[in-house]
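Listed here are the chains, written in short residue letters.
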Amino acid sequence: MADIIAGRMTANHSGDIAVFIIGMRVNRLLAVGKWLPVFRAMGAMLGELHCDLGSGFLAYEMCWKSPRQPVLIQYWESFDALEAYAADAGKAHRPAWTAFNRATKGNDAVGIFHETYVVRAGASETLYNDLPAFGLGKAKGLVPATGNREAARNRMAES
């Protein structure tokens with residue numbers, strides 16, 4: 001279990017960042033052969049990204065909207081870095097996308113989605129209180145939310 005970081009903390013971040021939310025939904029639970037490869041493909045991509053320090057991938061958080069709908073929140077240095085990874089035929093994303101299209105053609109056993117947000121400098125702020133490193137704070141490191149970082153408006157101005 002991750003260590004709890006005591007007190008009010010904020011992400012040690014400034015500048016733009018890309019937030020990529022991606023997930024899947026198992027629409028037909030018994031069609032395991034259709035949705036399990038999609039689920040496994042995300043693990044392969046995350047493993048690849050963790051090993052590629054120059055990719056621009058920073059960190060992710062795994063969430064569950066429901067038992068049949070996992071969601072990943074990914075943090076990237078930039079949209080350009082995310083786009084370059086997605087377009088690279090030599091990376092795990094391309095074969096996973098091809099396999100997904102092949103596996104789901106003509107059926108509705110599994111669905112996928114993604115949303116991408118580019119958060120410009122000065123347009124975000126973070127606060128974490130008495131919990132393990134999370135989200136952008138995990139991606140970029142944490143600093144105490146004290147002094148000029150105590151108020152949300154001030155943290156926003158520093159991002």
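Once that is clear, we can look at the overall build of the protein chain. Per the secondary structure count, the protein chain includes five helices and seven strands. Counting from the amino terminus, helix and strand elements in the protein chain follow one another as β-β-α-β-β-α-α-β-β-α-β-α. In terms of principal-axis extent, the alpha carbons of the protein chain reach across some 55 × 30 × 25 Å. The buried share of the protein chain, taken over its 159 residues, is 35%. A sequence separation of at least 24 residues applies to 73% of the contacts in the protein chain between residues at least 6 apart. Counting every atom, the protein chain has about 9200 Å² of accessible surface; 57% of that belongs to carbon and sulfur. Placing the 17 positive and 15 negative side-chain charges of the protein chain at their respective mean positions leaves the two points 10 Å apart.

This brings us to the pattern of salt bridges. If you walk through the whole model with that rule in mind, you get six salt bridges. The residue Arg28 makes a salt bridge to Asp108 at a minimum N-O spacing of 3.1 Å. Taken as a pair, Arg28 in the loop between strand 2 (17-26) and helix 1 (32-51) and Asp108 in the loop between helix 3 (93-104) and strand 5 (110-119) lie far apart in primary sequence, 80 residues in all. A salt bridge links Glu61 to Lys138; its shortest N-O distance comes to 3.3 Å. With Glu61 in strand 3 (residues 57-66) and Lys138 in helix 4 (residues 135-140), the pair connects residues that are 77 residues apart, well separated along the chain. According to the relative accessible area criterion, Glu61 is buried, its value standing at 10%.

What counts and how
Residues numbered from 1 in each chain as written. Predicted model: local features only at pLDDT ≥ 70, side-chain atom pairs only at ≥ 80, totals over all residues. Heavy atoms only, no water. Helix = DSSP H or I, 4+ residues; strand = E, 2+ residues; numbered from the N terminus. Buried < 20%, exposed > 50% of the residue type's maximum accessible area, 1.4 Å probe, protein only. Contact = heavy atoms within 4.5 Å. Areas by Shrake-Rupley, 256 points an atom, 1.4 Å probe, with all protein chains shown as cover. Lys, Arg positive; Asp, Glu negative; His and termini not counted. Charge placed at Lys NZ, Arg CZ, Asp CG, Glu CD. Salt bridge = Lys/Arg side-chain N within 4 Å of Asp/Glu carboxyl O.

Purely spatial values, then, with no claim about function.
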